[in-house]
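Inside the fold
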Amino acid sequence: MSAVISFTERAKPTGQGGIVAAAVLGKGAALVLGWHRDRLPRRGVAAVGDGSVRGPFRLTAWEHEEPGLCWFVAAMQLQGVLPAPGTIVPLHAQGMSDRSLASWPAEHEGPRELAERLVSHAAKRPGDLALFLAELVEQAPRGAVLRGILRRFLAGAAAEDGAIEIIGRHGAMLILQGWGRRETEARAIFPDGPLVQAPLSVAGFARGDVAAPATGLLEAVPLAEPWSDANPSALHVAADGRLWRRTVVAAPQVLGAVEAASHVAEMLRRLDADAATLAMLGRAARPPFEGAETVSRARLPLVAALDLVAILPGVGAYVGGWLVDPHSAVVSVTLANRTGFSVALDRVWTRIARPDVVSGLATDPRFRGVAGDRVGFAAFVACEVPKGGEGLH
């Protein structure tokens, strides 16, 4: 159950600041909108009433319309107890003197009205507040009221910017192509799915059908697991305090993993981006693992096998196998999965003798003259390998 209580602004409160609205989100969590005269701690402990009800809080703040004041939104764990009208709410934080807030007489509102207040008061840096709300939703993914507030805030605060025309469901990335403003150090926000917010890598390309400052965009969102939800209806972009919305067109072109990799590979030569983004998109251009061996399809004589992957949780993995490459065509060997994990093996491996492999290929004319028998490899990779090893290849 949830309730939202708003406090009127008819009179200046006592104390250093005031609460404008407070929403009980369930399970003892409250979302509070208010203002303050001084710098506020980003984390600390809040108290209600006689101080017997205490709980942690975290907040984000931004500039108020009046000089010397700031707006803030705080998430508080208050066991479902809201401050009584007219009472002082102390805030305590280590290394900072106590701050106090005064509440107003209560008037009831719903989540929609609270979201509208957030939109009206966060006009200067809506992107920061959107990311704060998205992080709260990530911590409580089943919180329907909080997710609804985020959804309504994005709808009211985001400025329209461009469109998404192509959606690529690559295993380790969500590929989005269209047009709009090219932002750096941006984050993507999706209010309706299990992935709420993530880094957004953006590459630009020339398009003659859009006017500056818009340009063609190919954007990639890293995924912890393949995107299995319905296609997003929009991409919300937060960057440098700003907030943009790129709406997905009515009938977008949707690409599967293989098609998405091929499309990115074709686009690479047209893209303008920093080295890290181009490297990331270069990985997306690799043909995805489809659950079957494909080395034997190579036109050059090339055979390989992965014999062993022994995962040591929290430590790394021991990997063993063999590779016969008589023409030295292979430029890199990595251990990877379908969701973005990748680690180089050829940088750390030791080549070992595998006479069983050499003798098994002795009658194959493609591999005549293979020098020596050190076609095997053994490697230890010190990294966090995904649990279970599903999809490793």
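Basis of the calculations
- Residues numbered from 1 in each chain as written.
- Predicted model: local features only at pLDDT ≥ 70, side-chain atom pairs only at ≥ 80, totals over all residues.
- Heavy atoms only, no water.
- Helix = DSSP H or I, 4+ residues; strand = E, 2+ residues; numbered from the N terminus.
- Buried < 20%, exposed > 50% of the residue type's maximum accessible area, 1.4 Å probe, protein only.
- Contact = heavy atoms within 4.5 Å.
- Areas by Shrake-Rupley, 256 points an atom, 1.4 Å probe, with all protein chains shown as cover.
- Phe/Tyr/Trp six-rings, centres within 6.5 Å; stacked < 30°, edge-to-face > 60°.
- Lys NZ or Arg CZ within 6 Å of the ring centre and 35° of its normal.
- Patch = residues over 30% accessible without salt bridge, like charges linked within 9 Å, V, L, I, M, F, W, Y side chains within 5 Å.
- Salt bridge = Lys/Arg side-chain N within 4 Å of Asp/Glu carboxyl O.
- Arc of directions from axis to C-beta.
- Axes fitted to C-alpha atoms, helices over the stretch in contact; angles between N-to-C directions.
- Parallel < 35°, antiparallel > 145°, perpendicular 65-115°, else oblique.
- Left-handed = near helix turned anticlockwise from the far one by under 90°.
- Expected span 1.5 Å × (residues − 1).
- Pairing = 2+ DSSP bridges.
- pLDDT = per-residue confidence, 0-100.

1. Things to note about the overall build of the chain
Regarding its fold elements, the chain presents six helices and 22 strands. In the chain, buried positions account for 48% of the 393 residues. For the chain, the share of sequence-separated contacts (at least 6 apart) that also reach a separation of at least 24 residues comes to 65%. Carbon and sulfur atoms make up 53% of the accessible area of the chain, which amounts to about 19600 Å² in all.

2. Points about the packing of aromatic side chains
On inspection of all chains with the given rule, the structure shows one aromatic pair. It is Arg351 that lies over the ring of Trp349; its NZ or CZ is 4.8 Å from the centre.

3. Regarding the environment of Ala46
Structurally, Ala46 is set in strand 4 (residues 43-48). By relative accessible area, Ala46 is classed as buried at 0%. Spatially, the C-alpha atoms of Ala46 and Arg58 are 9.7 Å apart, while their sequence positions differ by 12 residues.

4. Quick notes on a nonpolar patch on the surface
A surface patch of nonpolar side chains, about 440 Å² in accessible area, is lined by Leu308, Leu312, Val315, Tyr318 and Phe380. Position of Val315 relative to the elements: it lies in the loop between strand 17 (303-312) and strand 18 (316-324).

5. What to know about helix 4 (residues 257-267)
Taken as a whole, helix 4 has its buried residues at Ala260, Ala261, His263, Val264 and Met267. Axial view of helix 4: buried residues confined to an arc of 165 degrees, hence all on one face. Residues of helix 4 that are buried make contact with strand 10 (159-169), strand 11 (173-181), strand 13 (197-205), strand 14 (214-222), strand 16 (242-255) and helix 5 (275-284).

6. Brief notes about the packing of helix 2 (residues 126-139) against helix 3 (residues 144-157)
Their axes nearest at 9 Å, the elements helix 2 and helix 3 cross at an angle of 160 degrees. Classified by the interaxial angle, the pair formed by helix 2 and helix 3 is roughly antiparallel. Where helix 2 crosses over helix 3, the handedness of that crossing is left-handed. Residues Pro126, Leu129, Ala130, Leu133, Ala134, Leu136 and Val137 of helix 2 touch helix 3, and the partners they reach there are Leu146, Arg147, Leu150, Phe153, Leu154 and Ala157.

7. Concerning helix 2
Taking 1.5 Å per residue, 14 residues should reach 20 Å; helix 2 reaches 20 Å between its end C-alpha atoms and fits that length. When you tally the buried positions in helix 2, you get 10 out of 14 residues, the bulk of the element. Those residues of helix 2 that sit buried are Pro126, Gly127, Leu129, Ala130, Leu131, Phe132, Leu133, Ala134, Leu136 and Val137.

8. Things to note about the sheet that holds strand 11
Here we have seven strands rolled up into a closed barrel, ordered 10-11-14-13-12-15-16, and mixed in their pairing. The sheet shows a mean angle of 35 degrees between the axes of neighbouring strands, taken without regard to direction. The pairing of strand 10 with strand 16 spans seven bridges and is parallel. Its bridge partner lying in strand 16, Ile164 is registered against Val248. The strands touched by helix 4 within the sheet are strand 10, strand 11, strand 13, strand 14 and strand 16, with strand 16 carrying the most contacts at an inclination of about 115 degrees. This element, helix 5, spans strand 11, strand 13 and strand 14 of the sheet and lies at about 95 degrees to strand 13.

9. Considering the confidence of the model for the chain
Scored by pLDDT, the chain comes out at a mean of 81, with 81% of its residues at no less than 70. Predicted confidence is poor over residues 1-14, with pLDDT under 50, and the contacts of this stretch with residues over four places away or in other chains come to 51 contacts.

10. Regarding the sheet that holds strand 21 (residues 350-352)
Within the open sheet, the four strands sit side by side as 17-18-22-21. Their pairing is antiparallel. Two strands close off the open sheet at either side, each with one partner strand: strand 17 and strand 21. If you compare each strand with its neighbour and ignore which way they point, the axes differ by 20 degrees on average. In this structure, strand 21 lies alongside strand 22 (residues 376-381), joined through three bridges in antiparallel fashion. Bridge pairing links Arg351 to Phe377 in strand 22.

11. A closer look at the side chain of Thr60
Checked against the element boundaries, Thr60 lands in strand 5 (residues 53-63). Accessibility expressed as a relative area gives 13% for Thr60, which makes it buried. In this view, Thr60 contacts Trp71, Phe72, Val73, Leu129 and Phe132; residues no more than four positions away in its chain are not counted.

12. Topic: the pairing of strand 15 (residues 234-239)
When you tally the buried positions in strand 15, you get six out of six residues, the bulk of the element. In strand 15, alternate side chains face the same way, and those of Ala234, His236 and Ala238 on one face and Leu235, Val237 and Ala239 on the other are all buried. By the bridge criterion, six bridges tie strand 15 to strand 16 in an arrangement that is antiparallel. When the bridges of strand 16 are listed, Ala238 appears paired with Leu243.

13. Thoughts on the pattern of salt bridges
One pass over the full model with this rule turns up 14 salt bridges. Arg125 serves as the salt-bridge partner of Asp128, at 2.5 Å between the closest nitrogen and oxygen. The shortest N-O distance in the salt bridge between Arg151 and Asp192 comes to 2.7 Å. In this pair, Arg151 is assigned in helix 3 and Asp192 in the loop between strand 12 (186-189) and strand 13, connecting sequence segments 41 residues apart. Using a relative accessible area of 38% as the deciding quantity, one classes Arg151 as partly exposed. Exposure remark for Asp192: the relative accessible area of 51% places this residue in the exposed category.

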